[in-house]
Amino acid sequence: MLFAIGGGIGLVVDGGIVQMLVSFAHFNPYIGRVISFLAAATATWWWNRSQTFSARQSGRSLMTEWLHWMALMSGGAAINYAVYVACLIEFPSWHKWPVLAVGVGSLFAAFVNFVSARTLLFKRARTHW
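Residues numbered from 1 in each chain as written. Predicted model: local features only at pLDDT ≥ 70, side-chain atom pairs only at ≥ 80, totals over all residues. Heavy atoms only, no water.

(A) Spatial organisation of the overall build of the protein. Along its length, the protein carries 4 helices and 2 strands. Tracing the protein from N to C terminus, the helices and strands come up as α-α-β-α-α-β. With the C-alpha coordinates of the protein rotated into their principal frame, the extents come out at 50 × 25 × 20 Å. For the protein, the residues scored as buried account for 36% of the 129 residues in total. Taking all contacts inside the protein whose residues are at least 6 apart in sequence as the whole, residues at least 24 apart take part in 75%. As displayed, the protein has an accessible area near 7200 Å², and 74% of this comes from carbon and sulfur atoms. (Helix = DSSP H or I, 4+ residues; strand = E, 2+ residues; numbered from the N terminus. Buried < 20%, exposed > 50% of the residue type's maximum accessible area, 1.4 Å probe, protein only. Contact = heavy atoms within 4.5 Å. Areas by Shrake-Rupley, 256 points an atom, 1.4 Å probe, with all protein chains shown as cover.)

(B) Local environment of helix α3 (residues 62–90). For α3, which comprises 29 residues, the first-to-last C-alpha distance of 40 Å matches the rise-based estimate of 42 Å (1.5 Å per residue) to within 8%. Of all bends in α3, the biggest is about 40°, found at S74. (Expected span 1.5 Å × (residues − 1). Bend = angle between axes of the 7 residues up to and from the residue.)

(C) Geometry of the packing of aromatic side chains. On inspection of all chains with the given rule, the structure shows 3 aromatic pairs. For the ring pair W45 and W46, a centre distance of 5.5 Å and an interplane angle of 65° mean the geometry is edge-to-face. (Phe/Tyr/Trp six-rings, centres within 6.5 Å; stacked < 30°, edge-to-face > 60°.)

(D) Quick look at the packing of helix α1 (residues 2–24) against helix α2 (residues 29–52). Their axes nearest at 8 Å, the elements α1 and α2 cross at an angle of 155°. Here α2 runs roughly antiparallel to α1, going by the angle between their axes. Crossing of α1 over α2 shows right-handed handedness. Here the residues of the contact of α1 with α2 are counted per class, giving 16 nonpolar, 8 polar and 2 charged. (Axes fitted to C-alpha atoms, helices over the stretch in contact; angles between N-to-C directions. Parallel < 35°, antiparallel > 145°, perpendicular 65-115°, else oblique. Left-handed = near helix turned anticlockwise from the far one by under 90°. Nonpolar A, V, L, I, M, F, W, Y, C, P; charged D, E, K, R; others polar.)

(E) Expanded view of the pattern of salt bridges. Taken as a whole and assessed by the stated rule, the structure comprises 2 salt bridges. A salt bridge links D14 to R33, with the shortest nitrogen-to-oxygen separation between them at 2.8 Å. Note that D14 is positioned in helix α1 and R33 in helix α2, a separation of 19 residues in sequence. No difference in accessibility class separates D14 from R33, as the two residues are buried. With a shortest N-O distance of 2.5 Å, E65 and R49 are connected by a salt bridge. Within this pair, whereas E65 is found in helix α3, its partner R49 is found in helix α2, the two being separated by 16 residues in sequence. The class for E65 is buried, based on a relative accessible area of 2%. (Salt bridge = Lys/Arg side-chain N within 4 Å of Asp/Glu carboxyl O.)

(F) Region of interest: unusual backbone geometry. Although it is not a glycine, H26 adopts a positive phi angle of roughly 60°. Taking relative accessible area as the criterion, H26 reaches 68% and is therefore assigned exposed.

This is the structure:
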């Protein structure tokens with residue numbers, strides 16, 4: 001459940017940033033999505049390390065853990081971005097509302113991201129705080 005909350009946080013950050021970039025800064029929705037993903041993945045990493053997997057540890061420094069998180073999330077990100085692009089191609093009007101495509105892409109990637117985080121990064125029980 002906590003992972004789902006983190007995903008919700010990531011969805012709000014991702015969708016909010018890409019929508020603001022497209023609507024107010026006139027970014028291309030494909031480039032804006034790269035920026036919004038980086039911010040969202042950082043937000044979900046922070047949430048998951050402090051809440052979802054608080055009883056576990058990665059055994060890495062914060063920077064190394066973040067880099068590992070970003071690498072692990074790249075599998076889900078690839079799925080997410082592919083679905084996002086497919087939505088924008090299929091529904092050209094969504095170029096003005098990329099937040100819709102973010103939502104669809106996020107649904108497809110959520111499972112992949114959870115399995116990666118749980119089994120590859122936060123796999124050991126926390127031994128100390």
